[in-house]
Amino acid sequence: MLHPVILSGGSGTRLWPLSRQNQPKQFLALIGDHSLYQETVLRASKLPGAQAPVTVCSEDHRFMVGEQLQGIGVASGGILLEPVARSTAPAIALAALHVLARDPAATLLVMPADHLIEDEVAFRSAVEAATSLAEQDWLVTFGITPEYAETGYGYILRGESLGDGGYRVQRFVEKPDLATAEGYLVEGTYAWNSGMFLFRAQRYLDELARHAPTVLEAAQAAMAASTSDLDFIRVGHDALAASPSDSIDYAVMEKTDRAAVVPVRCGWSDIGSWSSLWSVAQRDDDGNRYEGDVIAVDTRDSLVRASERRMIATIGVEDLVIVDTADATLVARKDRVQDVKAVVDRLKAAG
Ligand code: GDD
Ligand code: MG
């Protein structure tokens, strides 16, 4: 059976000042009425034959996750709470162990909680294709046709066709530099790694045993030391802390010879920064996206988000991001918003 696993451990620092440590971006309603996490849960629940989704998140966010699930009335397949973050390879291992205890033939569909998918029909058929490859023991990743030379994503070079709309992965390159990414765009045989995966749970654990045994051992020990309370399963702190911090990309997908890619065009984006939010949001004829009380005169291609406490007026500006909150305001050039991370780092350093 197909078990969606929703990874919700990130903090989304590049969406500061809206996203904060106790309010990461996946729990914010950035586009529409639902949060990105809720959208992901709803998308997963609509897949034919999908079981109740399993969430893996930080212990600090348990109430938010509980409330947000209740808000959309979706039954939970369990909420695994991490007392420390150790990246995606152990997080997925925890979910695999949790699900296998109930369903030894489980297939996992791993979905990050902070993505947008506009074409759910295309996504659903890609999941179908991936499911049949997973039955033949492939570890499938979903490859997105690149639209520009993004350096914040992993890239996948596809090899021979496997039928069912899938290809063998020839090469995996995590976050190349700009010149390399530009080359890949020209070549046309590279896809963005969407960070969504589909495989049999047991097969994933077998690959971990081969390529990252310390991650597997830590996850097993963390599950053995877990305590549960209703839907919440708090995994063992010391055991998880002993795991190396490894992403699934580095720990498994780059190393296994059973990696496959299913290319898909489904209006996918990772809402990683204010500029990516601007690019997926609905804009007016001047290319502006406003939220709240905003008056814009001769303003172009900007994202302006007013908070409830004051209005914002702009005159004669372009390509700006302005985001106001109760205690902080960001004003940035749209092509510099990746550096919001530097602001957050300074704030952290200042304590
Ligand atoms: N539960 C849990 N625990 N979730 C985690 C953890 C963790 O320790 N670390 C990361 N995640 C979640 C994040 O919340 C996010 O939804 C997802 O896993 C991916 O982690 P990111 O930190 O956002 O990874 P990335 O953006 O640098 O890169 C990955 O995603 C790209 C696409 O968005 C890679 O897979 C790239 O290759 C890929 O292109
Ligand atoms: Mg990301």
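Residues numbered from 1 in each chain as written. Chains lettered and ligands numbered in written order. Predicted model: local features only at pLDDT ≥ 70, side-chain atom pairs only at ≥ 80, totals over all residues. Heavy atoms only, no water.

Here we look at the overall build of the protein
And then number 1: For the protein, the helix and strand inventory stands at eleven helices and 19 strands.
And then number 2: The C-alpha radius of gyration computed for the protein amounts to 20 Å, which stays within 12% of the reference 20 Å derived for 351 residues, consistent with globular compactness.
And then number 3: Dimensions of the protein, computed from C-alpha atoms along their principal axes, come out at roughly 60 × 50 × 40 Å.
And then number 4: When the 351 residues of the protein are sorted by exposure, 54% land in the buried category.
And then number 5: Taking the contacts inside the protein whose residues are at least 6 apart along the sequence as the reference set, 68% of them involve residues at least 24 apart.
And then number 6: Looking at the protein as shown, the accessible area adds up to about 15,600 Å², and 48% of this sits on carbon and sulfur atoms. (Helix = DSSP H or I, 4+ residues; strand = E, 2+ residues; numbered from the N terminus. Rg over C-alpha atoms; globule rule 2.2 N^0.38 Å. Buried < 20%, exposed > 50% of the residue type's maximum accessible area, 1.4 Å probe, protein only. Contact = heavy atoms within 4.5 Å. Areas by Shrake-Rupley, 256 points an atom, 1.4 Å probe, with all protein chains shown as cover.)

Quick notes on the nonpolar core
And then number 1: Among the nonpolar cores identified, the biggest contains 45 residues, and Leu 80, Leu 108, Phe 199, Tyr 204, Leu 205 and Leu 208 are the most heavily contacted of them.
And then number 2: The residues contacting Leu 205, other than those within four sequence positions of it, are Ala 93, Ala 96, Leu 97, Leu 100 and Leu 216.
And then number 3: Counting residues in each nonpolar core, the second largest holds 35 residues, with Ala 126, Leu 162, Tyr 184 and Cys 266 among its members. (Core = buried A, V, L, I, M, F, W, Y, C linked by side-chain atoms within 4.5 Å.)

Points about the site of ligand 1
And then number 1: Around ligand 1, the structure places 26 residues, and the nearest of them are Gly 10, Glu 174, Lys 175, Asn 193 and Asp 270.
And then number 2: One of the backbone nitrogen or oxygen atoms of Gly 154 is found 2.8 Å away from an oxygen atom of ligand 1.
And then number 3: Here an oxygen atom of ligand 1 and a side-chain polar atom of Asp 270 are 2.6 Å apart.
And then number 4: Here ligand 1, which alone exposes 730 Å², has 84% of that area covered by the protein.
And then number 5: Sorting elements by how many residues they give to the shell around ligand 1 places strand β9 (residues 190–200) first, with three residues. (Near = heavy atom within 4 Å. Polar contact = N/O pair within 3.5 Å; in protein donor to acceptor, adjacent residues only side chain to side chain.)

Focus on the pattern of salt bridges
And then number 1: The final tally for this structure, using the stated rule, is 20 salt bridges.
And then number 2: Its salt-bridge partner being Asp 319, residue Lys 334 comes within 3.0 Å of it at the nearest N-O pair. One end of the pair, Lys 334, is in the loop between β19 (329–333) and α11 (340–350); the other, Asp 319, is in the loop between β17 (312–315) and β18 (320–324), and 15 residues separate them in sequence.
And then number 3: Taking relative accessible area as the criterion, Asp 319 reaches 30% and is therefore assigned partly exposed.
And then number 4: Of the charged contacts, one joins Arg 336 and Asp 339 as a salt bridge, the two residues approaching to 2.9 Å between their closest N and O atoms.
And then number 5: The structure contains a network of salt bridges with shared partners spanning Asp 137, Arg 200, Arg 203, Glu 207 and Arg 210. (Salt bridge = Lys/Arg side-chain N within 4 Å of Asp/Glu carboxyl O.)

Describing empty space enclosed by the protein
And then number 1: Applying the stated criterion to the full structure yields one cavity of 30 Å³ or more.
And then number 2: Space inside the largest cavity adds up to approximately 30 Å³.
And then number 3: Lining the largest cavity, in full, are Leu 277, Ala 281, Arg 289, Glu 291, Leu 303 and Arg 305.
And then number 4: Elements with a minimum of two residues in the lining of the largest cavity: β14 (289–291) and β16 (303–305).
And then number 5: Of the residues contributing to the lining of the largest cavity, the split by class is three nonpolar, no polar and three charged. (1 Å grid on protein atoms, 1.4 Å probe; cavity = no way out; pocket = protein on both sides within 12 Å on 5 of 7 lines; lining within 4 Å. Points joined across faces, edges and corners; volume = space filled by probe spheres on them. Nonpolar A, V, L, I, M, F, W, Y, C, P; charged D, E, K, R; others polar.)

Observations regarding the domain arrangement of the protein
And then number 1: Domain annotation for the protein reports domain 1 (2–270) and domain 2 (274–350).
And then number 2: Here domain 1 and domain 2 have C-alpha centroids that lie 29 Å from each other.
And then number 3: The interface is formed by 14 residues belonging to domain 1 together with 20 residues belonging to domain 2.
And then number 4: For the pairing of domain 1 and domain 2, the buried interface totals around 1,500 Å² over both sides, and the portion due to carbon and sulfur atoms is 64%.
And then number 5: Seen at the junction of domain 1 and domain 2, the total is one salt bridge.
And then number 6: Of the charged contacts in the structure, one is a salt bridge between Asp 327 and Arg 20, with a shortest N-O distance of 2.9 Å.
And then number 7: Along the contact surface separating domain 1 from domain 2 lie five residue pairs in polar contact (both at pLDDT 80 or more).
And then number 8: Residue classes in the side of domain 1 that touches domain 2 are distributed as eight nonpolar, two polar and four charged. (Domains from an automatic or database assignment. Buried area = accessible area lost by both parts, 1.4 Å probe.)

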